[in-house]
8 protein chains.
Amino acid sequence: MQKEKITELLKKFKAGRISQQKVLKALTSLPYQDIGIANIDTHRTLRRGLPEVIFCQGKTPQQAAIIFQKMQGLVMATRAEAAHYKAIKKLCPGAVYYSQARIITNAQVKQKKSGDYAAVITAGTSDIPVAEEAALTAEIFGFRVVRMWDVGVAGLHRLLDKMDVLQEAKVIIAAAGMEGALPSVVGGLVSCPVIAVPTSVGYGASFGGITALLAMLNSCSPGVSVVNIDNGFGAGYLAAAILKGCKK
Amino acid sequence: MQKEKITELLKKFKAGRISQQKVLKALTSLPYQDIGIANIDTHRTLRRGLPEVIFCQGKTPQQAAIIFQKMQGLVMATRAEAAHYKAIKKLCPGAVYYSQARIITNAQVKQKKSGDYAAVITAGTSDIPVAEEAALTAEIFGFRVVRMWDVGVAGLHRLLDKMDVLQEAKVIIAAAGMEGALPSVVGGLVSCPVIAVPTSVGYGASFGGITALLAMLNSCSPGVSVVNIDNGFGAGYLAAAILKGCKK
Amino acid sequence: MQKEKITELLKKFKAGRISQQKVLKALTSLPYQDIGIANIDTHRTLRRGLPEVIFCQGKTPQQAAIIFQKMQGLVMATRAEAAHYKAIKKLCPGAVYYSQARIITNAQVKQKKSGDYAAVITAGTSDIPVAEEAALTAEIFGFRVVRMWDVGVAGLHRLLDKMDVLQEAKVIIAAAGMEGALPSVVGGLVSCPVIAVPTSVGYGASFGGITALLAMLNSCSPGVSVVNIDNGFGAGYLAAAILKGCKK
Amino acid sequence: MQKEKITELLKKFKAGRISQQKVLKALTSLPYQDIGIANIDTHRTLRRGLPEVIFCQGKTPQQAAIIFQKMQGLVMATRAEAAHYKAIKKLCPGAVYYSQARIITNAQVKQKKSGDYAAVITAGTSDIPVAEEAALTAEIFGFRVVRMWDVGVAGLHRLLDKMDVLQEAKVIIAAAGMEGALPSVVGGLVSCPVIAVPTSVGYGASFGGITALLAMLNSCSPGVSVVNIDNGFGAGYLAAAILKGCKK
Amino acid sequence: MQKEKITELLKKFKAGRISQQKVLKALTSLPYQDIGIANIDTHRTLRRGLPEVIFCQGKTPQQAAIIFQKMQGLVMATRAEAAHYKAIKKLCPGAVYYSQARIITNAQVKQKKSGDYAAVITAGTSDIPVAEEAALTAEIFGFRVVRMWDVGVAGLHRLLDKMDVLQEAKVIIAAAGMEGALPSVVGGLVSCPVIAVPTSVGYGASFGGITALLAMLNSCSPGVSVVNIDNGFGAGYLAAAILKGCKK
Amino acid sequence: MQKEKITELLKKFKAGRISQQKVLKALTSLPYQDIGIANIDTHRTLRRGLPEVIFCQGKTPQQAAIIFQKMQGLVMATRAEAAHYKAIKKLCPGAVYYSQARIITNAQVKQKKSGDYAAVITAGTSDIPVAEEAALTAEIFGFRVVRMWDVGVAGLHRLLDKMDVLQEAKVIIAAAGMEGALPSVVGGLVSCPVIAVPTSVGYGASFGGITALLAMLNSCSPGVSVVNIDNGFGAGYLAAAILKGCKK
Amino acid sequence: MQKEKITELLKKFKAGRISQQKVLKALTSLPYQDIGIANIDTHRTLRRGLPEVIFCQGKTPQQAAIIFQKMQGLVMATRAEAAHYKAIKKLCPGAVYYSQARIITNAQVKQKKSGDYAAVITAGTSDIPVAEEAALTAEIFGFRVVRMWDVGVAGLHRLLDKMDVLQEAKVIIAAAGMEGALPSVVGGLVSCPVIAVPTSVGYGASFGGITALLAMLNSCSPGVSVVNIDNGFGAGYLAAAILKGCKK
Amino acid sequence: MQKEKITELLKKFKAGRISQQKVLKALTSLPYQDIGIANIDTHRTLRRGLPEVIFCQGKTPQQAAIIFQKMQGLVMATRAEAAHYKAIKKLCPGAVYYSQARIITNAQVKQKKSGDYAAVITAGTSDIPVAEEAALTAEIFGFRVVRMWDVGVAGLHRLLDKMDVLQEAKVIIAAAGMEGALPSVVGGLVSCPVIAVPTSVGYGASFGGITALLAMLNSCSPGVSVVNIDNGFGAGYLAAAILKGCKK
């Protein structure tokens, strides 16, 4: 690729086949070309350690399918509706659809059963789709996930009962709507980072997740950080980035 | 008072000293006069069961002092600064100032040590002034209060440790700023009404108590209702109204 | 249950059948297991005095039906659509659907005609569904309710006309949309607690109930507290908790 | 002035001293000059029926004084601090300062005692400065005002007691902070236009008057319109405009 | 009615048929009954000078039709959809539907062609439905209206061209969405009251009319007051109230 | 038109057929009529340099078609749906529909390939419709546009790679949703004006484009100004106005 | 600079003094170093065409003074208080302070009297400081400015009177607070770009400039774009960028 | 401690010195006491891995000093003003004050020069205090920090120049005000977690950091999470939690 190009340039220059002027000009513009290569995902994987994903929302099934087909290695599409899956399936018969998480991958996701893990928990049952998106994302990136649903603060015993699993986790993703109190309570019980995911679950003054978002940002427990409302993918990606660091 | 006036009217009418026309006219307008009397607090006590209070904020010390002096029975002024106290003290030497609660009364408040009680709790130490305003208000109205400070959700054990006192309370006032999660957690543990008081404690996206307010309104624990930000008086008044009902 | 478990442990220990080390470990984790029991609703009733309810919104009819079937004693589902009812009816033929209140119960609700009561009032006719949810909730929990619809402040006489019923109530639920002034006016006329329920009735700058919510939080009448927009269930639950206290 | 200019032009044209082309060009641009004259207030009075006023907020005392001195006829400055008055007094010894209303005029305001009137009412005592600004403004413009302070909805009888005065008014200005319910209640009792003035009185979720503003905009009583928060002058000006119409 | 009742009471009392005690009790509660009469609209007309209207939004066609049928004198329903009209038409064959204004009346509206008038103007063509609701409302109440559409500030000449009609009006209703500048400009040109109606016309940061609403509340031209977003009826009602005052 | 009218007036005056008084009166009112001419678009083109456009949103297809047919010269309709096109096509068979940009014109748009240009760029693929509206608008007004899609800041190299094209542009339109960072980064790299267009692309706390809008208004790069959310037309119009200035 | 470095590298490589490996490595990292040079302002001027400025707000006088002294060529500091000037003056005796605009420069600003110009206008007198910052900024960058203060829409004639100056401008900066209607009206009258600057002038629902900001973003006149509240510098900078384009 | 207590109980029980009943009762309440011990920080360290800190804001210097003195091991106070330091210094002479970071510790902080590190970067110079609080917090907890100030996106080269240091970091803290674009750009360049800290730097529509907060929550780069506005401590704490995980 890029290195080859420069090597070739230098060789030509040394061989006197191109002028110093011309090398200079080529080199000035190269670096950007060096970064901006045709095979986008390959570069992203190199730079960021995790592959690029296709955000289906706002894309037609056809657009999503074409991009899905063009990508290499691990391919992953988020916020995918059934229509997206249908279009992708046609071009890539091996594609798998995880409908609750709204994720399509080009290969069955394998769930690790041992090793460092992210605990993914929800306050209620309505938060599960967002949490599942987070959990599956981390699993797709190769990490172990332990799920715990419906452990909200209105029935504290349900949460305290899982203390062991929480305290052994390397990172916790806590999804909650309404008053979004779960991350604060969990944050006060563990030593690992807690990723708070506000969900749009609720009504009235929950304002589509704004209340949960604000509550999480004001958590009195340090060690808690927040992603966008319903952003399960972002939480799972971040958990993967943290787990990746743990392994080194 | 009013009853006397009507009685007198009826007597005059029976005695033929005034016409039916005139009685009719007087009676039509009486009811409003009957309600709107000069001695405001007396009426309020009759109608509402608890005396009217003087809200000092936005009143000059002189204004507050004059009203304080004119009121009868139990007199109580809220949001009182030192200057208000100074002015009131001059006119009413028996006035007592509770500076943390910013309340002035015309007599020392007596703390009941037994019987049904309101538990007043705070998430942190900065919430104490608001909670103290609530606690003292309920005490002024003659009810027993049990105080518990700094039992926020970041250190859950501090709260669980007080479970007995919470579960025996007839009403709980929970004051919290920041993410305002305390009422939700408490609400899930007890059977009595929980009055949530958002405080303006916090910074950044706490927006002067709005986040706590919204979180409390969205509490996943039923049995929780909310008053205005920093409204300790309102919470104490409401707790008194609930305790008053319990006694019957 | 739990007590038995501990007794057994102690017996085994005294009998020398298990080591001190092992008792120690078991005891450390016990309390949380003691709180978190398998039969969730039973525990909730014990702890909170009122049974847990199923919040149907965001649950599929199938999910709601399965949970409904598994619960014991008094079972109640809120925010239930016709589809939820259909699914529940299939599994629990005795289920009853109150469509205006959007509530499903496992037995006909009986309306008490005497004794202490909650007055449930609305500002307009559009507020009735929310008020009905509140009223029915209190009735399901076994309390008497008196309903008064369409007594908003634009025609004050309609409200003043019901003064007697309001002043005899042990708690009042006032539902209003638009400018949400009803609880303030009512609060000024009675001595019992007033639960204000903002409704999403209105248009333009009513912002789906935010204006009513804010107005109620700023009520100049003490004794008023607020629940979330359209949260009839929460208001009814709270009224029941207050009435429960009155009876003791 | 302008008329003279045009007359002169026409004379010159008739006399043949200037061409038709030139008259045409001059006339095209004249009208704007005709409108934009040096003596601003004179024109405003002609066009709008009421004189222009000096808004002191954001102006230095010196700036305010110079403008005050240059204006003719009835001169009025609003939002005036003591410093503004001091500066104006130096240049215009006859100036009068109404400190509560923060208004300076160039002549003592005369209060009419009979005839059509605007009723200016407040919910509480803290709303008086804003109401006083409104009342004085209407009086400065030559109209009769009847003031009624502290007739808020928490003590309805105080308001009902003044029914006669309210129902005889030609326009009512109702100033209220907090939940801003007063205009709705008043609006339901009278047939004249009600001008609602939200005030910044309150704390917490009153948001400096926003809650009162929103409540007033959502008034369930038709016949109510709203001006900006604390805009006493605007309310008084509008009341004057309405009273002016009544007289014709 | 009420007067009769009191007269009867007094007679019975004088005749010794009822005790003074009993009269006293009856009289205390009477006044409220005196206000709250059975025939609601009749009373509204007496008290407010204009009849009550049916707000169809949030009412089923059946509900609206039943109320429509029960009302007497001038009957008017606002925010009426075709379905409401269909249901009303069945019960009241004489009902007339003004679809653009979404108003149903029980008699054809007559448009006055002379006398004092309200000018109703819009910034753009999309504001016409709201303006038409305002105009028709004023006409239904018996007042003359002059309509002027699409005279927004982006093409100032269109507005200036109508100066005469504006300056002769007794009240102006100005409906505008987007930046809502029209009332400010008009307010600067006329002497009569200007009722600003923000409309939900616009997109993006117009926030469904909030921007127009805020702009109108901050109008630099005095004499402007504001009603709720899209509240054409409120504006028309207020204009009628002002015109009614003019005639006296 | 207007000039003729004045000429005629002057002639009559010179001829003595009308009095000086009468000319004076006529002239005073003329200027406004002079500005307000019948042929609206012609005047707009003269005054503003660019023709008026038809904003289809909120107009029925029929309304749009009638206006489209009546306009002369270059005709352009924005926010046009297929139904608008169908109606317009019927009346104006030459009309062309650019569906992605939602624009209809009365003639095929020609794309200039040389000369000064506006660069129109987007952060992602979902921003393209808004950007296309901007680009096409500028092209319709006769200016050259260079498009660059999907050059958002998450993959900086894609943007840096196009540096040359950006730095040669006379004006840049940058459309972005979500965090709206693109204009800030671009603004730091170029010397020409940057028009930032926030788009409603995103979810959760993107609030339909508000976040992008706010971010763009707070750009740390000077030379950036902002138009309304999704306002591609406004950006294209402004770019055209800037390019028009460049050519002089 | 950079080019020399690369040339030297290539020479060394050709001369065999450094390996191909080493050249490759150096070249890969060069481009970033090439962009990030020590002399920041020099680079900024090259890249952006206008020099970097010092934003004093949030900087201590000492910090501002040190940076001011280190910069070369045209130096300009904005949002400068008297204290900043004092500190800068000590290090740079030639510094000039424009207190109303809060700008410090290292040389007296010269006002051009002929040629293309930016018209800078304000709605009221309180908007002048912001407008003056804009005007002076454009003048500092070498462009001609024509100022017009207090031409707001409440007195339209004042604006129409200046039509000529507005229509000849190459760009207009319109600063307004309150309802922010000025840019819409101006935008409808001219053909050049209009830069709208919302100011924080106003009270109540002006929300520190938010209302003006929103109104300007929703301007019904195309050709208008908006900068941050009170951002006079940004408007002046943008006007300069547009004027710079005009000259080519 | 707790374990000892239980051991002792068990021994006494085995020895027959206390009844089974008594052990049972003691054990039931123990767990909470076990969690809620007097020496709070010791427990926090055990449970969370990092010591508790004193949040000085809202505490009097005296309160802060007393708590500071009572704590053991590593003691740290945040948001400390000079007055807090003065009071603490009196009781704990070894206390050290880092004024820019507003942190007080009971021992000089040692800066590690090698090993895994957190990179702490700012967009501008005004963001430094918040970033310094973050950096110092991580250093106090024993981790290495690399600081880079003023690398905002308006001058991209400054950031790209530090690519190496960024790409080697195990976690990055990016503090930015205004449009808050820095974390998005950085997030696109690295593979480690990025903690975004919105700062209250800016004016107008930056709304005290809300704009930056929203922008960061909407970051198009995955791997970015957000803490509260100006929450440097929270970011530093979280970075420490992540670095702690890396080391295992």
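Since the structure is predicted, the reported quantities are computational estimates derived from the model, not experimental observations. Every chain's residues receive numbers from 1 upward, in the order its sequence appears when written. Working convention: letters from A go to chains and numbers from 1 go to ligands, in the order in which they are written. Where totals are concerned, whole chains, interfaces and linings use all residues; where local detail is concerned, this predicted model gives features only for residues with pLDDT of at least 70, and gives and counts side-chain atom pairs only at 80 or more. The basis for the side-chain values is all heavy atoms of the structure; hydrogens and waters are excluded.

Caption draft 1: The arrangement of the overall build of chain A in detail. The secondary structure listing takes helices from DSSP runs of H or I that are at least 4 residues long and strands from runs of E that are at least 2 residues long, numbered from the N terminus. When its secondary structure is counted, chain A shows eleven helices and nine strands. Values of accessible area rely on a 1.4 Å probe in the Shrake-Rupley scheme; residue burial ignores everything except the protein chains shown. Roughly 9,100 Å² of accessible area belongs to chain A as shown, and the carbon and sulfur atoms make up 55% of that amount.

Caption draft 2: The environment of S19 of chain A, seen in detail. Residue and element names in this part refer to chain A. Positionally, S19 belongs in the loop between α1 (2-14) and α2 (20-35). Think of it in three bands: residues with accessible area under 20% of the maximum for their type are buried, residues over 50% are exposed, and the middle band is partly exposed, with areas taken using a 1.4 Å probe on protein chains only. By relative accessible area, which is 41% here, S19 ends up partly exposed. Residues S19 and T211, 192 residues apart in the sequence, show an inter-C-alpha distance of 64 Å.

Caption draft 3: Main features of the sheet that holds strand β4 (residues 103-105) of chain B. All names here are of chain B. Two strands make a pair as long as DSSP finds a minimum of two bridges between them. The strand order across the open sheet formed by four strands is β1-β2-β4-β3, and the pairing between neighbours is mixed. The open sheet terminates on both sides in strands that have one partner only, identified here as β1 (54-55) and β3 (96-98). Pairing of strand β2 (residues 76-78) with β4, which is carried by two bridges, proceeds in the antiparallel orientation. Note that in β4 the partner of A77 across the bridge is I104. Helix α6 (residues 128-140) rests against β2, β3 and β4 of the sheet, and its axis sits at about 15° to β4. Residue contacts are counted whenever heavy atoms from the two residues lie within 4.5 Å of one another. Think of each axis as a best-fit line through the C-alpha atoms, taken over the contacting stretch in the case of a helix, with angles from 0 to 180 degrees between the N-to-C directions.

Caption draft 4: Layout of the interface of chain A and chain H. Contacts between chain A and chain H engage 32 residues on the former and 32 residues on the latter. Each of two parts loses accessible area, computed with a 1.4 Å probe, when they are put together; buried area is these two losses added. Roughly 2,700 Å² is buried in total at the junction of chain A and chain H, and carbon and sulfur atoms are behind 55% of that figure. Polar contact criterion, stated in full: a pair of N or O atoms within 3.5 Å, where within protein one must be able to donate a hydrogen and the other to accept it, and residues adjacent in sequence count only if both atoms are side-chain atoms. Scanning the region where chain A abuts chain H turns up four residue pairs in polar contact (both at pLDDT 80 or more). Ranked by the residues each element gives to the side of chain A that touches chain H, the list is headed by helix α11 (residues 232-247) of chain A, at eight residues. Gly is placed with the polar residues, together with every amino acid not listed as nonpolar (Ala, Val, Leu, Ile, Met, Phe, Trp, Tyr, Cys and Pro) or charged (Asp, Glu, Lys and Arg). Split by residue class, the side of chain A that touches chain H holds 15 nonpolar, eleven polar and six charged.

Caption draft 5: The relation of the copies chain A and chain H, seen in detail. The copies were overlaid with a least-squares fit restricted to C-alpha atoms from residues scoring a pLDDT of at least 70 in each copy. In screw terms, the move from chain A to chain H is a rotation of 180° and a rise of 0.1 Å along the axis, fitting with an RMSD of 0.2 Å. Between the two chains, the operation in question is that of a two-fold axis. Within chain A, the C-alpha atom positioned nearest to the axis of rotation is that of C246 of chain A, 2.2 Å from it. Here 100% of the contact residues of chain A are again contact residues in chain H; the copies associate through an equivalent surface.

Caption draft 6: The pattern of salt bridges, seen in detail. Throughout this description, the term salt bridge denotes a Lys or Arg side-chain nitrogen within 4 Å of a carboxyl oxygen of Asp or Glu. Here the structure, examined in full by the defined rule, presents 24 salt bridges over all chains. Among the ionic pairs, E81 of chain D bridges to R102 of chain D, the shortest N-O distance being 4.0 Å. Here E81 of chain D, found in the loop between β2 (76-78) and α5 (82-91), pairs with R102 of chain D, found in the loop between β3 (96-98) and β4 (103-105); they are 21 residues apart in sequence, far enough to count as distant. For R147 of chain F, the salt bridge identified is with E139 of chain F, shortest N-O distance 2.9 Å. Under the relative-accessibility criterion, R147 of chain F is labelled partly exposed at 26%. When its relative accessible area of 4% is taken as the criterion, E139 of chain F is described as buried. Shared partners join several salt bridges into a network, and the residues in it are E132, E139 and R147 of chain A.

Caption draft 7: Highlighting the sheet that holds strand β2 (residues 76-78) of chain C. All names here are of chain C. A sheet is described by the order of its strands in space; here four strands give the open sequence β1-β2-β4-β3, paired in mixed fashion. Sheet topology places β1 (54-55) and β3 (96-98) at the edges, where each strand pairs with a single neighbour. Where β1 meets β2, two bridges bridge the pair, whose relative direction is parallel. From the neighbouring strand, F55 faces β2, where its bridge partner is T78.

Caption draft 8: Main features of helix α10 (residues 210-217) of chain B. Among the eight residues in α10 of chain B, seven count as buried, and that is most of the element. Among the residues of α10 of chain B, those classed as buried are T211, A212, L213, L214, A215, M216 and L217 of chain B.

Caption draft 9: Inspection of the packing of helix α4 (residues 61-70) of chain B against helix α5 (residues 82-91) of chain B at higher detail. All names here are of chain B. Between α4 and α5, the shortest axis-to-axis distance is 8 Å and the interhelical angle comes to 40°. Judged on the interaxial angle alone, α5 and α4 are oblique. Pair α4 / α5 crosses with right-handed handedness. Of the residues in α5, those in contact with P61, Q62, A64, A65, I66, F68 and Q69 of α4 are A83, H84, A87, I88 and L91. Along the lines of polarity and charge, the residues of the contact of α4 with α5 split into nine nonpolar, three polar and no charged. Any angle between 65 and 115 degrees counts as roughly perpendicular, while under 35 counts as roughly parallel, over 145 as roughly antiparallel, and the rest as oblique. Crossings are classed by handedness, with left-handed meaning an anticlockwise turn of the near helix from the far one by less than a right angle and right-handed meaning a clockwise turn.

Caption draft 10: Seen up close, the environment of L160 of chain A. All names here are of chain A. Structurally, the position occupied by L160 is in helix α7 (residues 156-160). Its relative accessible area of 4% is what places L160 among the buried residues. It is 31 Å that separates the C-alpha atoms of L160 and S99, two residues lying 61 residues apart in sequence.

Caption draft 11: How the structure looks around the side chain of R144 of chain G. Residues and elements named next belong to chain G. Within the fold, R144 resides in strand β6 (residues 144-148). A positive count includes Lys and Arg, and a negative count includes Asp and Glu. His and the chain ends are not counted in either. An unpaired buried charge is present at R144: no salt bridge exists, and D116, the closest side chain of opposite charge, is 7.2 Å distant. At a separation of 3.3 Å, a polar atom in the side chain of R144 contacts the main-chain carbonyl oxygen of K113. Once you skip the residues sitting within four places of it in the chain, R144 turns out to touch K112, K113, S114, G115, D116, Y117, A118 and L243.

Caption draft 12: Highlighting the confidence of the model for chain A. Residues and elements named next belong to chain A. The pLDDT score gives, residue by residue, the confidence of the prediction method on a 0 to 100 scale. Here chain A averages 85 in pLDDT, while 85% of its residues score no lower than 70. In the model, residues 28-46 has pLDDT below 50 throughout and makes 31 contacts with residues more than four positions away in sequence or in other chains. Predicted complex, confidence summary: ipTM 0.82, pTM 0.86.

Caption draft 13: The arrangement of α4 of chain B in detail. All names here are of chain B. Burial in α4 covers these residues: A64, A65 and F68. When α4 is viewed along its axis, its buried side chains cluster within an angular range of 100° and face the same direction. For α4, exposure combined with an orientation more than 90 degrees from the buried face picks out Q62 and K70. Against the buried residues of α4 lie β1, β2, α5 and β4. Here the arc refers to the directions that run from the helix axis out to each C-beta atom.

Caption draft 14: Layout of the pairing of strand β5 (residues 117-122) of chain A. All names here are of chain A. The buried fraction of β5 amounts to six of the six residues, a majority that puts the element mostly inside the structure. Covered by surrounding structure in β5 are Y117, A119 and I121 together with A118, V120 and T122, the residues of both alternating faces. Across five bridges, β5 lies against strand β6 (residues 144-148) in parallel orientation. Counted as the bridge partner of V120 is R147 from β6. With respect to chirality, the unit in which β5 leads through helix α6 (residues 128-140) into the neighbouring parallel β6 is right-handed. Taken together, the five bridges between β5 and strand β7 (residues 171-176) define a ladder with parallel strand orientation. Paired with T122 across the bridge in β7 is A175. With the strands pointing away from the viewer, any crossover whose connection runs clockwise from the first strand over the helix to the second is right-handed.

Caption draft 15: Structural context of the packing of aromatic side chains. Each Phe, Tyr or Trp ring (for Trp, its six-membered ring) is paired with any other whose centre lies within 6.5 Å, and the angle between the two planes then decides the class: stacked below 30 degrees, edge-to-face above 60, tilted in between. On inspection of all chains with the given rule, the structure shows 32 aromatic pairs over all chains. Look at Y85 of chain C and Y97 of chain C: their rings are 5.0 Å apart centre to centre, the planes differ by 20°, and that puts the pair in the stacked class. On the criterion of sequence distance, the pair formed by Y85 of chain C in helix α5 (residues 82-91) and Y97 of chain C in strand β3 is long-range, its members being twelve residues apart. Judged by centre distance (5.9 Å) and plane angle (25°), the ring pair of F55 of chain G and Y203 of chain H falls under stacked. Linking F55 of chain G in strand β1 (residues 54-55) with Y203 of chain H in the loop between β8 (194-198) and α10 (210-217), this pair reaches from one chain into another. Here a set of aromatic residues connected by ring pairs shows up, and it is made of F141, F233 and Y237 of chain A. Positioned over the ring face of Y203 of chain D is R79 of chain B, at 4.0 Å from the centre of the ring. Note on criteria: charge over ring means Lys NZ or Arg CZ within 6 Å of the ring centre, with the direction from the centre no more than 35 degrees off the ring normal.

Caption draft 16: Looking closely at the pairing of strand β8 (residues 194-198) of chain C. Residues and elements named next belong to chain C. Within β8, five of the five residues are buried, which leaves it mostly tucked inside the rest of the structure. The alternating pattern of β8 places V194, A196 and P198 on one face and I195 and V197 on the opposite face, and all of these are buried. With helix α9 (residues 182-187) bridging strand β7 (residues 171-176) and its parallel neighbour β8, the resulting β-α-β unit is right-handed. Assessed by its sense of winding, the connection that carries the chain from β8 through helix α10 (residues 210-217) to strand β9 (residues 224-226) is right-handed.

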